[in-house]
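Architecture at a glance
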Amino acid sequence: MSNTPKLSLRGVSKQFLAARATTPTLAVADFALDVSAGEFVCIVGPSGCGKSTVMNMIAGLDTPSAGTIQMDGRAITGPGADRGVMFQDYALMPWQTVAENVGFGLAHGTPGEGLTKAQREARVREYVELVGLVGAEKKYPHQLSGGMRQRVALARLLANGPEILLLDEPLGALDAQTRLILQVELLRIWGETRAREQRKTAIFITHDIEEAVFLGDRVVVMSSHPGRVKADIAIDLPRPRRESMRGEARFGEFTERIWSLIRDEAYRAIGGDTGAAQNHTTETTA
Ligand SMILES: Nc1ncnc2c1ncn2[C@@H]1O[C@H](COP(=O)(O)OP(=O)(O)OP(=O)(O)O)[C@@H](O)[C@H]1O
Ligand SMILES: [Mg+2]
């Protein structure tokens, strides 16, 4: 195995000049992150800390103001089928069926190049099955629940065969129960029960600390104004992750530690009183 990280961000900064503003906002500053092939890395941090900005730059949808982003040692210069992006709001095409949505990239983009119609259809069937939507192929997005729509979005992403999954709060719009179910599903689909080299590389943004601990091999905690890496915590809970782990002491230790890292900024972000928060929280000092 090569030592080159699958993804490497070095000294990445991003400035925005908002409309009518005279001075630019430094959204992300000197951001560094290495992700190995097959790793599942979660990014958490207070609202507005620059998580989506980092993700958009990795996706090639936006360019850094400074620094470098490399995939397999080569600079990322724009969007590519090697990176699949998924957002909170499904982004399905309402006039297309489930099967058409899943097959969209295959029919219209580079992922389908060189495939016959039959091969494309087989690929669509494979991923519809993987996400548990057999029987719903001919339905339209408005006929589906939020959870089903996110399954369609996930199937579409995977059908395009990306090497890196870029997931920006993909479960954020779902109700709590559906969300817990899809977390387990996502790990299965990502390849939790397979060997490391057969897993996709995944970067997953979430506001939900428990979700980050449940899913991730690592949780990267960001601080804001400007967005930087505040902590990078290895989550060495065994895989496959089980529902019952959420109640275990080690799980709670991880969530406590991460919350203690972002609590003050999170309260400030909503104009709250951090002092009051601390009085109600048991502080564990290392
Ligand atoms: N296109 C843009 N133009 C100007 N400012 C922007 C732009 N995109 C993001 N920003 C600013 O950059 C900062 C980081 O935004 P970003 O969306 O990356 O945060 P986030 O961590 O994803 O937040 P959330 O958790 O709410 O999704 C914010 O201050 C935001 O206002
Ligand atoms: Mg965001």
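Right, let's walk through the structure included here. (Residues numbered from 1 in each chain as written. Chains lettered and ligands numbered in written order. Predicted model: local features only at pLDDT ≥ 70, side-chain atom pairs only at ≥ 80, totals over all residues. Heavy atoms only, no water.)

Turning our attention to the site of ligand 1. In the vicinity of ligand 1, the contacting residues are Phe16, Ala27, Ser47, Gly48, Cys49, Gly50, Lys51, Ser52, Thr53, Glu169 and His207. Here an oxygen atom of ligand 1 sits 2.7 Å away from a polar atom, N or O, in the side chain of Ser47. Gly48 has a polar backbone atom sitting 2.8 Å from an oxygen atom of ligand 1. Summarising the interface, the protein chains cover 61% of the accessible area of ligand 1, which totals 630 Å² for the free molecule. Per element, the largest residue contribution to the shell around ligand 1 is three residues, and it comes from helix α1 (residues 51-59). Split into classes, the residues belonging to the shell around ligand 1 amount to three nonpolar, six polar and two charged. (Near = heavy atom within 4 Å. Polar contact = N/O pair within 3.5 Å; in protein donor to acceptor, adjacent residues only side chain to side chain. Areas by Shrake-Rupley, 256 points an atom, 1.4 Å probe, with all protein chains shown as cover. Helix = DSSP H or I, 4+ residues; strand = E, 2+ residues; numbered from the N terminus. Nonpolar A, V, L, I, M, F, W, Y, C, P; charged D, E, K, R; others polar.)

Close approach of charged atoms allows side chains of opposite charge to pair. Per the counting criterion, the structure on display carries 18 salt bridges. Where Arg239 meets Glu192, a salt bridge forms, and the shortest distance between an N and an O atom there is 2.8 Å. Of this pair, Arg239 sits in the loop between β10 (228-234) and α8 (249-269) while Glu192 sits in the loop between α6 (176-190) and β8 (201-205); the two residues are 47 residues apart in sequence, bridging distant segments of the chain. For the pair Arg239 and Glu192, one class covers both residues: buried. In this structure, Glu243 and Arg246 form a salt bridge, with 3.0 Å as the shortest nitrogen-oxygen distance. On the basis of relative accessibility, which here comes to 41%, the residue Glu243 falls in the partly exposed class. Taking relative accessible area as the criterion, Arg246 reaches 18% and is therefore assigned buried. (Salt bridge = Lys/Arg side-chain N within 4 Å of Asp/Glu carboxyl O. Buried < 20%, exposed > 50% of the residue type's maximum accessible area, 1.4 Å probe, protein only.)

This part is about empty space enclosed by the protein. Per the counting criterion, the structure on display carries one cavity of 30 Å³ or more. Computed from the structure, the largest cavity encloses a volume of approximately 90 Å³. Taken together, Met86, Val131, Gln150, Arg151, Leu154, Leu167, Pro170, Leu171, Leu182, Glu185, Leu186 and Ile189 make up the lining of the largest cavity. Looking at the lining of the largest cavity, the elements with two or more residues in it are α5 (146-159) and α6. No other element matches the four residues that α6 contributes to the lining of the largest cavity. For the lining of the largest cavity, the residue count by class is nine nonpolar, one polar and two charged. (1 Å grid on protein atoms, 1.4 Å probe; cavity = no way out; pocket = protein on both sides within 12 Å on 5 of 7 lines; lining within 4 Å. Points joined across faces, edges and corners; volume = space filled by probe spheres on them.)

What follows deals with the nonpolar core. If you look at the biggest cluster of nonpolar residues, it comprises 48 residues, and the most contacted ones within it are Phe40 and Val102. Ranked by the residues each element gives to this core, the list is headed by α5, at seven residues. Beyond its immediate stretch of four places on either side in the chain, Phe40 contacts Leu186, Leu187, Trp190, Ala202, Phe204, Leu215, Gly216, Asp217, Arg218 and Arg239. (Core = buried A, V, L, I, M, F, W, Y, C linked by side-chain atoms within 4.5 Å. Contact = heavy atoms within 4.5 Å.)

In this section: α5. Here α5 is 14 residues long and its end C-alpha atoms lie 20 Å apart, about the 20 Å a rise of 1.5 Å per residue gives. Among the 14 residues of α5, 11 are classified as buried, and the element is accordingly described as predominantly covered. If you check which residues of α5 are buried, you get Gly147, Gln150, Arg151, Val152, Ala153, Leu154, Ala155, Arg156, Leu157, Leu158 and Ala159. The secondary structure elements touched by the buried residues of α5 are β6 (83-86), α2 (98-102), α3 (104-108), α4 (117-130), β7 (164-168) and α6. A positive phi of about 65 degrees marks Gly161, the residue just after α5. (Expected span 1.5 Å × (residues − 1).)

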